[in-house]
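Remarks on the overall topology
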Amino acid sequence: MALLEAAARLAPPGMEIVPWRGLNELPHFNPDLDREGDAPPPAVASLRAEVSAAAGLIVSSPEYAHGVPGALKNALDWLVSYPDVAGKPVLVWNASAAGGHHAQASLVEILKTMSTRVLVESSLLAPFLPKKLAPGAELADDAARAVRSSLAALGLAAARLPSQGS
Ligand SMILES: Cc1cc2nc3c(=O)[nH]c(=O)nc-3n(C[C@H](O)[C@H](O)[C@H](O)COP(=O)(O)O)c2cc1C
């Protein structure tokens with residue numbers, strides 16, 4: 001979240017980064033709670049509305065025990081059958097000082113399976129951020145450069161999408 005907040009302050013003109021803070025409110029994914037025609041749980045509706053409103057997505061995640069944190073995988077599972085996620089350009093950022101490449105590889109596979117357009121070349125992996133970023137802290141020059149370039153790629157990919165509703 002500290003990384004997303006720092007990145008939000010570096011976003012190019014015309015791009016707004018809106019961190020989604022509802023992860024702790026999501027129920028465990030259960031297809032029985034997600035039947036067609038039923039209203040989804042409120043936190044799921046909030047997540048889906050943010051995804052629909054976004055021209056592109058940034059998945060910013062730590063790595064836990066060489067894997068994707070369970071809470072994040074849970075959120076992604078709620079989006080698997082959500083049509084608006086398909087085709088969205090996605091950046092995957094992992095700021096784990098210890099590497100994070102297992103989680104990153106797994107996230108790329110999951111997000112591709114969800115039919116998103118993962119911008120693998122423009123995603124970010126340690127050591128772009130060599131030490132933990134404190135909440136509210138600004139990125140050092142090298143990390144800021146890497147983030148700006150990643151965001152520029154997302155902006156470009158999002159601009160190539162047909163405008164929403166058309
Ligand atoms: C339970 C746990 C397991 C972790 N396992 C890994 C790991 O396998 N690989 C890795 O690169 N970082 C691992 N980390 C480090 C985190 O990915 C992350 O860099 C660290 O928790 C700092 O981020 P935070 O401030 O969001 O907690 C682990 C952290 C925790 C708490």
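Coordinates for the structure precede this section.
Residues numbered from 1 in each chain as written. Predicted model: local features only at pLDDT ≥ 70, side-chain atom pairs only at ≥ 80, totals over all residues. Heavy atoms only, no water.

Some words on helix H2 (residues 42-53)
Here H2 contains twelve residues, and its C-alpha end-to-end distance of 17 Å stays within 8% of the 16 Å for a straight helix at 1.5 Å per residue. Residues of H2 that are buried: Ala43, Val44, Leu47, Arg48, Val51 and Ser52. Here the buried face of H2 lies against strand S1 (57-60) and helix H3 (70-79). (Helix = DSSP H or I, 4+ residues; strand = E, 2+ residues; numbered from the N terminus. Expected span 1.5 Å × (residues − 1). Buried < 20%, exposed > 50% of the residue type's maximum accessible area, 1.4 Å probe, protein only. Contact = heavy atoms within 4.5 Å.)

Brief notes about the pattern of salt bridges
Taken as a whole and judged by the stated rule, the model has six salt bridges. Notably, a salt bridge pairs aspartate 32 with arginine 35, separated by 3.5 Å at the nearest N-O pair. Among the residues examined, aspartate 32 registers a relative accessible area of 47% and is labelled partly exposed. Among the residues examined, arginine 35 registers a relative accessible area of 49% and is labelled partly exposed. (Salt bridge = Lys/Arg side-chain N within 4 Å of Asp/Glu carboxyl O.)

Description of the pairing of strand S2 (residues 89-94)
In terms of burial, S2 is largely enclosed, as six of its six residues are buried. Side-chain alternation along S2 places Pro89, Leu91 and Trp93 on one buried face and Val90, Val92 and Asn94 on a second face that is also buried. Read from S1 through H3 to S2, the crossover connection turns out right-handed. Pairing geometry for S2 and strand S3 (residues 117-118), over two bridges, is parallel. Across the sheet, residue proline 89 finds its bridge partner in S3, namely arginine 117. Relative to strand S4 (residues 124-125), S2 runs parallel, the two being bridged by two bridges. If you follow asparagine 94 over to S4, its bridge partner there is leucine 125. (Right-handed = clockwise from strand over helix to strand, strands pointing away. Pairing = 2+ DSSP bridges.)

Details of the packing of H2 against H3
Running from N to C, H2 and H3 cross one another at 75 degrees; their axes reach a closest spacing of 10 Å. Between H2 and H3, the interaxial angle falls into the category roughly perpendicular. Touching Val44, Leu47, Arg48 and Val51 of H2 are Ala75, Trp78 and Leu79, all from H3. Grouping the constituent residues of the contact of H2 with H3 by class yields six nonpolar, no polar and one charged. (Axes fitted to C-alpha atoms, helices over the stretch in contact; angles between N-to-C directions. Parallel < 35°, antiparallel > 145°, perpendicular 65-115°, else oblique. Nonpolar A, V, L, I, M, F, W, Y, C, P; charged D, E, K, R; others polar.)

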